[in-house]
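Spelled out, the chains give:
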Amino acid sequence: MGIHENLLGGPPPTHLPDDPEPRELLAGGAAPADVAAKYPASSLAWAQLADDAFEAGRVVESYAYARTGYHRGLDSLRRSGWKGHGPVPWEHEPNRGFLRALNALARAAQAIGEQEEYERCSTFLRDSSPLAADTLS
């Protein structure tokens, strides 16, 4: 039995491929809207837009940005072999954009009274990465 074998029988963790350009642009102070326009598949850029909008009180806008980042992340996860469930570790930095978008979607859903969506997204986040759920809450 190999040291990295999954003893619980569940799916292996999904690790999204690294896409450093959007992350580096955002870290360097680039406007998230510019990064999202240049890299529309970047969940990280959409998550940052969602966070900025939420902090500014633009909750519906935050919801829309978060939903975009969430769906772009689902597309990336599926291309990386994800089958609809299983770990998406926060520890793997390229996963953080998706996890942040999922958290932002839950937060905005709760703020607009979409309790069912809030609960679904919160559960999905915790099931994907307990560390992300703890870190982002």
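If you're wondering where the values come from, they're calculated on a predicted model, not measured in any experiment.

A. Spotlight on the overall build of the protein. The secondary structure content of the protein amounts to 7 helices and 0 strands. Reading the protein from its N terminus to its C terminus gives the helix and strand order α-α-α-α-α-α-α. Expressed as lengths along the three principal axes of its C-alpha atoms, the size of the protein is roughly 50 × 35 × 25 Å. When each of the 137 residues of the protein is scored for burial, the buried share is 39%. By sequence separation, contacts in the protein at least 24 residues apart represent 61% of the contacts at least 6 residues apart. Here the protein displays about 7,600 Å² of accessible surface, and carbon together with sulfur accounts for 53% of that area. Each charge class in the protein was averaged separately, 13 positive and 19 negative side chains, and the resulting centres sit 3 Å apart.

B. Layout of the confidence of the model for the protein. Residues at a pLDDT of 70 or more form 94% of the protein, whose mean pLDDT is 94. Within the model, the stretch residues 1-5 combines pLDDT values under 50 with 1 contact to residues more than four positions away or in other chains.

C. Quick peek at the nonpolar core. Residues Tyr70, Leu74, Leu77, Phe98, Leu99, Leu102 and Phe124 are the most contacted members of the largest nonpolar core, which totals 23 residues. Elements that contribute at least two residues to this core include exactly helix H4 (59-79), helix H5 (96-111), helix H6 (115-128) and helix H7 (130-136). Here this core gets 8 residues from one element, more than from any other, and that element is H5. With near-sequence residues (within four places) excluded, Leu74 lies in contact with Trp82, Phe98 and Phe124. Counting 7 residues, the second-largest nonpolar core is a separate cluster that includes Val35, Leu44, Ala45 and Trp46.

D. Structural context of the environment of Arg107. You can see Arg107 is positioned in helix H5. When the C-alpha positions of Arg107 and Ser62 are compared, they lie 9.1 Å apart, and in sequence the two are 45 residues distant. Among all residues touching Arg107, those that are not within four sequence positions of it are Ala50, Asp51, Phe54 and Ser62. Within the local environment of Arg107, its side chain forms a polar contact with the side chain of Asp51, the two groups lying 2.9 Å apart.

E. Representation of the pattern of salt bridges in the model. Following the criterion strictly, the structure yields 8 salt bridges and no others. With a closest N to O distance of 3.6 Å, Glu93 and Arg23 form a salt bridge. Taken together, the positions of Glu93 in the loop between H4 and H5 and Arg23 in helix H1 (residues 20-27) put the pair 70 residues apart, joining distant regions of the chain. Taking the shortest distance from any N to any O, the salt bridge between Asp51 and Arg100 comes out at 2.7 Å. Of the two residues, Asp51 is situated in helix H3 (residues 43-55) and Arg100 in helix H5; the sequence distance between them amounts to 49 residues.

About the cut-offs
- Residues numbered from 1 in each chain as written.
- Predicted model: local features only at pLDDT ≥ 70, side-chain atom pairs only at ≥ 80, totals over all residues.
- Heavy atoms only, no water.
- Helix = DSSP H or I, 4+ residues; strand = E, 2+ residues; numbered from the N terminus.
- Buried < 20%, exposed > 50% of the residue type's maximum accessible area, 1.4 Å probe, protein only.
- Contact = heavy atoms within 4.5 Å.
- Areas by Shrake-Rupley, 256 points an atom, 1.4 Å probe, with all protein chains shown as cover.
- Lys, Arg positive; Asp, Glu negative; His and termini not counted.
- Charge placed at Lys NZ, Arg CZ, Asp CG, Glu CD.
- pLDDT = per-residue confidence, 0-100.
- Core = buried A, V, L, I, M, F, W, Y, C linked by side-chain atoms within 4.5 Å.
- Polar contact = N/O pair within 3.5 Å; in protein donor to acceptor, adjacent residues only side chain to side chain.
- Salt bridge = Lys/Arg side-chain N within 4 Å of Asp/Glu carboxyl O.

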